[in-house]
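# Residue-level structure breakdown
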Amino acid sequence: MINLVLFGKPGAGKGTQAEFLKSHYQLVHISTGDVFRYNIKNATDLGKLAQSYMDKGDLVPDEVTINMLEAEVEKNPAAKGFIFDGFPRTEAQAKSLDAFLERKAMSISGTIALEATDDELVERLLKRGETSGRPDDQDESKIRNRFDEYNQKTAPLRSFYTAQNKFHSINGIGSIEEITARLMTVIDAL
Ligand code: AMP
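I will try to describe carefully the structure that is included in this document. (Residues numbered from 1 in each chain as written. Predicted model: local features only at pLDDT ≥ 70, side-chain atom pairs only at ≥ 80, totals over all residues. Heavy atoms only, no water.)

### Some remarks on the sheet that holds strand β2 (residues 28-31)
Taken in spatial order, the five strands make up an open sheet running β2-β3-β1-β4-β5, and their pairing is parallel. Each edge of the sheet is formed by a strand with only one pairing partner; in this case those strands are β2 and β5 (167-171). The sheet shows a mean angle of 20 degrees between the axes of neighbouring strands, direction not considered. In the sheet, strand β4 (residues 110-115) pairs with β5 via five bridges, with the strands oriented parallel. By the bridge assignment for β5, I112 is matched with H168. (Pairing = 2+ DSSP bridges. Helix = DSSP H or I, 4+ residues; strand = E, 2+ residues; numbered from the N terminus. Axes fitted to C-alpha atoms, helices over the stretch in contact; angles between N-to-C directions.)

Here is the structure:
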């Protein structure tokens, strides 16, 4: 079983790369951002709660996000493995993910961060916002707030996973194919 975590600031290409990796390695892709957006679209209670945070570019509270992630994993009992995209984003989420997987006799195989500069990411996100319709992609101050959330809450996970010998990072600037190849080099050596 391969269980991967993709890290990277908003716009780093996690979703795009997860699409390739999931078919190549036959994994189930769980993007917590996508699950929240699905709930917003369907006006569920979870969606209403998440929207107020997401619209500002703030993280949704841990408890809500952790419960949702666990439910998504439980929906796929026959999975050969998972790509966690956009989760964990805090140390509390990372600890609970480890505990949850351990209860299921599973574990994280490795985590990979896609690295790119803020200026490059702002440019990509504003461009994506023109077609995605996502309010959090259309305003530079919301984008910068998402970077701040990443720096404060998610970046510390680098040392969390380095301590477990499970942290890898790759250059996230280049063509989609080049970045996929870099990811596969790391994954195939896990
Ligand atoms: P993303 O699609 O990964 O860029 O996520 C969009 C937004 O969804 C984030 O800015 C957060 O508001 C929320 N979100 C997604 N994943 C998480 C998470 N693991 N923890 C907290 N909030 C999250």
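The rest of the description comes next.
### Describing the site of the ligand
As a matter of local geometry, the ligand sits amid 16 residues, with T32, R37, D58, G86 and Q93 nearest to it. Between the ligand and R89, the relevant distance is 2.9 Å, taken from a nitrogen atom to a side-chain nitrogen or oxygen of the residue. At a separation of 2.9 Å, a nitrogen atom of the ligand approaches a polar side-chain atom of Q93. The protein chains hide 96% of the 480 Å² of surface that the ligand would expose on its own. Applying the majority rule of atoms within 2 Å of the grid points places the ligand in the largest pocket. (Near = heavy atom within 4 Å. Polar contact = N/O pair within 3.5 Å; in protein donor to acceptor, adjacent residues only side chain to side chain. Areas by Shrake-Rupley, 256 points an atom, 1.4 Å probe, with all protein chains shown as cover. 1 Å grid on protein atoms, 1.4 Å probe; cavity = no way out; pocket = protein on both sides within 12 Å on 5 of 7 lines; lining within 4 Å. Sits in = over half its atoms within 2 Å of the grid points.)

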